[in-house]
Amino acid sequence: MESMKTSIAGMPLQHPIFNASGPKCTTFEELKALGESAASVILHKSCTLEPRQGNPEPRYVDLELGSINSMGLPNLGYAEYLKMMPRLKTFGKPVISSVSGLYLSDNITIVRELNETLVDAIELNLSCPNLVGKPQVGYDMEQSDAVLEAIMAISKKPLGVKLPPYFDFVHFEQMAAILNKRHVAFVTCVNSIGNALFVDPEKECTIIKPKGGFGGIGGDYIKPTALGNVRKFYELLRKDIGIVGCGGIKTGMDVFEHILCGASAVQVGTQLMKEGPSCFSRITNEFNSIMSRKATHPLATFKEN
Ligand code: SIN
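Only a predicted model underlies this, so the values are computations on that prediction, with no experimental measurement involved.

**Focus on the packing of aromatic side chains**
In this structure the tally under the stated criterion is 6 aromatic pairs. Aromatic pair Phe198 and Tyr221: ring centres 5.5 Å apart, planes at 55°, arrangement tilted. Taken together, the positions of Phe198 in the loop between β11 (193-197) and β12 (199-200) and Tyr221 in the loop between β14 (214-218) and α6 (223-236) put the pair 23 residues apart, joining distant regions of the chain. For Phe198, a relative accessible area of 21% corresponds to the partly exposed category. Directly above the aromatic system of Phe28 lies the positively charged group of Arg87, at a separation of 4.0 Å from the ring centroid. The side chain of Lys239 reaches across the aromatic face of Tyr234, ending 4.2 Å from its centre.

Shown next as structure tokens:
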């Protein structure tokens, strides 16, 4: 197969690889660098109603096999991203807004205003693990259903949902029933695995400061969990709901594995932080060279052992 064009939420993409709403997508300079990179989409940092400084530092640490963070949604506030939209659209690729209001009413305000912009789609973040006193909505099935009912009723843009990782089949089934009923356009599987702890044995302390050192882990540590979530949601969701894989993507082979399990596109977070936006051309080239050796789409060949 030649290089794989794909689509998410009805948006044609040149290839499946773009950034996660995570590192290096907060300021205009960072988003411009993504626009100029080989990433197939520009996705901005999850925005809130008001600008946020985020949690105290140190709040992000690169590790040999991934990362831990407790950023606390530092962002410019949704109004700045609205203002940037015409400039972001000049890069000739789809732009997705990540929305993570602290209250349902905030999300309603932000989505209503995004309706009137050039943004191509919205990714509603129901899974930030790093807000003190705010549990991850995606783990509360009733609340997730109520939030999606309210937001789907007002969104004129294709709406996707960024999910936390699930670990039990019953939770996959409960969330899939909600997503199928609410007709979301895509799901992103997965946000970081929350509330992990890394300690420095020399200094006898946690390696990040916020939340007593507890933070979300990404990178190699979470690829099997991400693949499990991609595959399970691929099995359970309506086939018109796209799946965006996120977790442990550093090479073209990682992209291939996510696509084999059911993803239509993938997001890169930890590796973007380690390598910068040039990672997109490297990973895309690696992925294309794998695909050039394949006769069919990977989903046609997936089998259980
Ligand atoms: C953060 O800003 O704390 C990370 C964002 C997220 O995990 O959703």
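**Things to note about helix α9 (residues 279-291)**
Taking 1.5 Å of rise per residue, 13 residues should cover 18 Å, and α9 covers 18 Å from first to last C-alpha, within 8% of that figure. All of the buried residues in α9 are Cys279, Phe280, Ile283, Thr284, Phe287, Ile290 and Met291. End-on view of α9: buried residues confined to an arc of 120°, all on one side of the axis. Contact partners of the buried residues in α9: β3 (17-19), α1 (28-36), α7 (252-261), β16 (265-268) and α8 (270-275).

**A few points about the sheet that holds strand β4 (residues 42-43)**
With parallel pairing, the 8 strands of this open sheet are ordered in space as β3-β16-β15-β10-β9-β8-β7-β4. Two strands in the sheet have a free side with no partner beyond their single neighbour: β3 and β4.

**Some thoughts on unusual backbone geometry**
When glycine is set aside, most residues are seen to have a negative phi, and most peptide bonds are trans. Backbone torsion omega between Glu57 and Pro58 reads 0°, so that peptide bond is classified as cis. Within the secondary structure, Pro58 sits in the loop between β4 and β5 (60-63). Phi is positive for Asn195, close to 60°, though the residue is something other than glycine. If you trace the backbone, Asn195 turns up in strand β11. You will see that Lys211, though not glycine, has its phi angle at about 50°, which is positive. Take Lys211: it is sitting in the loop between β13 (205-206) and β14.

**Some words on the environment of Ala38**
Positionally, Ala38 belongs in the loop between α1 and β4. Residue classification places Ala38 among the partly exposed residues on the basis of a relative accessible area of 31%. A C-alpha to C-alpha distance of 28 Å links Ala38 and Arg59, two positions 21 residues apart in sequence. Those residues in contact with Ala38, other than ones at most four positions away along the chain, are His15, Ile17, Lys93, Phe280 and Ser281.

Conventions adopted
- Throughout this document, residue positions are counted from 1 along each chain, in the order its sequence is written.
- Since the coordinates come from a predicted model, pLDDT governs what is reported: local features require at least 70, and pairs of side-chain atoms require 80 or more to be given and counted, while whole-chain, interface and lining totals use all residues.
- Side-chain measures were taken over the full set of non-hydrogen atoms in the model, leaving aside hydrogen atoms and water.
- Pairing of aromatic rings covers Phe, Tyr and Trp, the last counted by its six-membered ring, and requires centre-to-centre distances within 6.5 Å; plane angles under 30 degrees mean stacked, over 60 mean edge-to-face, and any other angle means tilted.
- Numbering of helices and strands runs from the N terminus, with a helix taken as a DSSP run of H or I at least four residues long and a strand as a DSSP run of E at least two residues long.
- The rule is simple: take the accessible area with a 1.4 Å probe, protein chains only, and divide by the maximum for that residue type; under 20% is buried, over 50% is exposed, in between is partly exposed.
- In this analysis the charged atom, NZ for Lys or CZ for Arg, is taken to sit over a ring once it is within 6 Å of the ring centre and within 35 degrees of the ring normal.
- Any helix carries an expected span of 1.5 Å times its number of residues minus one.
- This arc describes the spread of directions from the helix axis toward the C-beta atoms.
- Residues are treated as being in contact if the distance between any of their heavy atoms lies within 4.5 Å.
- Here the rule is simple: two strands pair whenever DSSP picks up at least two bridges between them.

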